[in-house]
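Architecture and fold: a report
Now for the letters of each chain:
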Amino acid sequence: MLTARVLIPFAVATIIWGSTWIVIRGQLGVVPPNWSVCYRFLVGAVAITIHAIATGAPLKLDRREQCFAALLGFTQFFLNFNFVYQAEGLITSGLVAVVFALLIVPNAIFGSIFLKQPLTGRFLFGSMIALVGVGLLILQEARGDDASSHASIVGVGLTLLGVLSASAANVLQGTNAARAMPMAGMLAWGMVWGAAINAGVGLATTGAPVIELTPTYLGGVLYLGVMASAVAFTCYFSVIRAIGPARAAYSSVITPVLAMLLSTLFEHYHWTLLAGSGAVVTLVGLVIALRSRKPVLKSA
């Protein structure tokens, strides 16, 4: 059974990420994606460091752990988010969100291969039901996307590359090496590495740092850095360590449904039969899958 120790951080990360897709749209335009991602994770690293100092959480990593943090920074905080930010410049944030729900597929496959985590019949059955729901949501969002066919293909392709990058980082979190590391130190340094890589690539491809001094942009950087990065990743990675990357990936399955609910409240989103059916089917699959037996963690 899932306990409050897992359900609470799972819910916190999912609720926060349900709101980020719209916020990311406000980061695009004036500032190149590399620099927006860089600022986001600099803020996230500072927020984690301040909290760690206040609570006495360890931040120091040895050389091996720094190498791990650098790999995490490259996969999660550089590749993943650059693919996502670039994709949102081509297709709707809703379509990016629902395509990203496919994260559960590589997480389950890679978790089984590299972490030796068995996939129960109930989990597979629930996941198949959820993916049917995700497919309905993708169809709904694709119908409402005004992008050209070429832009849509590129946007979806970039999102899928982001999914694979995030999955690699998720599986890293399921290893014994990751679980032995202090969460604050690993995340803070991972975000520093990610910000540094983004800055380096930004300097090489788009030139000197660019920033948009508007309340919308700066507020978005703060929200994405503190809440969507420092808080949400701390919660989400703790869930991966507890129940494995496959079941933790259900956060990405629920996220687009929450995003649609928030859009209903703040953007007057109009539900269709297709969207409603997709949301219901997705949630039914979620309940079935998450009630499956916790996999045994055997990773090295």
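Residues numbered from 1 in each chain as written. Predicted model: local features only at pLDDT ≥ 70, side-chain atom pairs only at ≥ 80, totals over all residues. Heavy atoms only, no water.

A few words on the overall build of the chain. Of the regular secondary structure elements, the chain holds 14 helices and 0 strands. For the chain, the α and β elements follow one another from N to C terminus as α-α-α-α-α-α-α-α-α-α-α-α-α-α. For a compact globule of 300 residues, the expected C-alpha radius of gyration is about 19 Å, and the chain comes in at 18 Å, within 12% of that figure. Taking the principal axes of its C-alpha atoms as reference, the chain extends roughly 50 × 45 × 30 Å. Residue pairs in contact within the chain that sit at least 24 positions apart in sequence constitute 91% of those at least 6 positions apart. Summing over all exposed atoms, the chain offers an accessible surface of approximately 13,000 Å²; the carbon and sulfur share of this is 73%. (Helix = DSSP H or I, 4+ residues; strand = E, 2+ residues; numbered from the N terminus. Rg over C-alpha atoms; globule rule 2.2 N^0.38 Å. Contact = heavy atoms within 4.5 Å. Areas by Shrake-Rupley, 256 points an atom, 1.4 Å probe, with all protein chains shown as cover.)

On to the confidence of the model for the chain, then. Residues at a pLDDT of 70 or more form 95% of the chain, whose mean pLDDT is 89. Note that pLDDT drops below 50 for residues 295-300; the model gives that stretch 21 contacts with residues more than four away or on any other chain. (pLDDT = per-residue confidence, 0-100.)

Here the focus is unusual backbone geometry. Residue Lys-116 is not a glycine yet carries a positive backbone phi of 60 degrees. In this structure, Lys-116 sits in the loop between helix 6 (104-114) and helix 7 (121-143). With a relative accessible area of 52%, Lys-116 lands in the exposed category. (Buried < 20%, exposed > 50% of the residue type's maximum accessible area, 1.4 Å probe, protein only.)

Turning our attention to helix 3 (residues 33-55). In this model helix 3 runs 33 Å from its N-terminal to its C-terminal C-alpha over 23 residues, within 8% of the 33 Å that 1.5 Å per residue would give. Positioned one or two residues after helix 3, Gly-56 has a phi angle of 80 degrees, which is positive. (Expected span 1.5 Å × (residues − 1).)

Here the focus is the side chain of Ser-165. Within the secondary structure, Ser-165 is located in helix 8 (residues 149-173). Overall, the relative accessible area of 9% leaves Ser-165 in the buried class. In contact with Ser-165, not counting residues within four places along its chain, are Thr-75, Leu-79, Asn-80 and Phe-83.

Attention now moves to the nonpolar core. Counting residues in hydrophobic clusters, the biggest one holds 82 residues, and the most contacted among them are Leu-187, Phe-233, Tyr-236, Phe-237 and Tyr-250. It is helix 11 (residues 215-243) that contributes the most residues to this core, 13 residues altogether. (Core = buried A, V, L, I, M, F, W, Y, C linked by side-chain atoms within 4.5 Å.)

Relative to the helices and strands, Ser-36 resides in helix 3. For Ser-36, a relative accessible area of 0% gives the class buried. Once residues lying within four places of it in the same chain are set aside, the contact partners of Ser-36 are Gln-27, Val-31, Tyr-85 and Tyr-217.

Before going further, it helps to spend a moment on the packing of aromatic side chains. Here the structure, examined in full by the defined rule, presents 12 aromatic pairs. Summarising the aromatic geometry, the rings of Phe-77 and Phe-233 are spaced 5.2 Å apart at their centres and angled 90 degrees between planes, so their arrangement reads as edge-to-face. Taken together, the residues Phe-77 in helix 4 (residues 63-88) and Phe-233 in helix 11 connect sequence positions 156 residues apart. This pair shows no difference in class: Phe-77 is buried, exactly as Phe-233 is. Measuring from ring centre to ring centre gives 6.0 Å for Phe-81 and Phe-233, while their planes differ by 70 degrees; the resulting arrangement is edge-to-face. Note that Phe-81 is positioned in helix 4 and Phe-233 in helix 11, a separation of 152 residues in sequence. (Phe/Tyr/Trp six-rings, centres within 6.5 Å; stacked < 30°, edge-to-face > 60°.)

Below, the discussion takes up the packing of helix 4 against helix 11. Contact geometry for helix 4 and helix 11: axes closest at 15 Å, N-to-C directions at 125 degrees. On the basis of their axis angle, the class for helix 4 and helix 11 is oblique. In this structure, helix 4 crosses over helix 11, and the sense of that crossing is right-handed. The residues of helix 11 that touch helix 4, namely those facing Leu-72, Gln-76, Phe-77, Phe-81 and Tyr-85, are Leu-224, Phe-233 and Phe-237. Of the residues assigned to the contact of helix 4 with helix 11, the class counts are 7 nonpolar, 1 polar and no charged. (Axes fitted to C-alpha atoms, helices over the stretch in contact; angles between N-to-C directions. Parallel < 35°, antiparallel > 145°, perpendicular 65-115°, else oblique. Left-handed = near helix turned anticlockwise from the far one by under 90°. Nonpolar A, V, L, I, M, F, W, Y, C, P; charged D, E, K, R; others polar.)

Let's shift gears to the environment of Leu-72. Among the secondary structure elements, Leu-72 is positioned in helix 4. A relative accessible area of 0% means that Leu-72 is categorised as buried. With 117 residues separating them in the primary sequence, Leu-72 and Trp-189 have C-alpha atoms 9.2 Å apart. Leaving out residues up to four positions away in the same chain, Leu-72 has contacts with Phe-77, Ala-169, Gln-173, Met-186 and Phe-237.

Together, Val-105, Ile-109, Ile-113 and Phe-114 line one region of the surface with nonpolar side chains, adding up to about 370 Å² of accessible area. For Phe-114, the location among the structural elements is in helix 6. On the accessibility criterion, Phe-114 (56% relative accessible area) is exposed. (Patch = residues over 30% accessible without salt bridge, like charges linked within 9 Å, V, L, I, M, F, W, Y side chains within 5 Å. Salt bridge = Lys/Arg side-chain N within 4 Å of Asp/Glu carboxyl O.)

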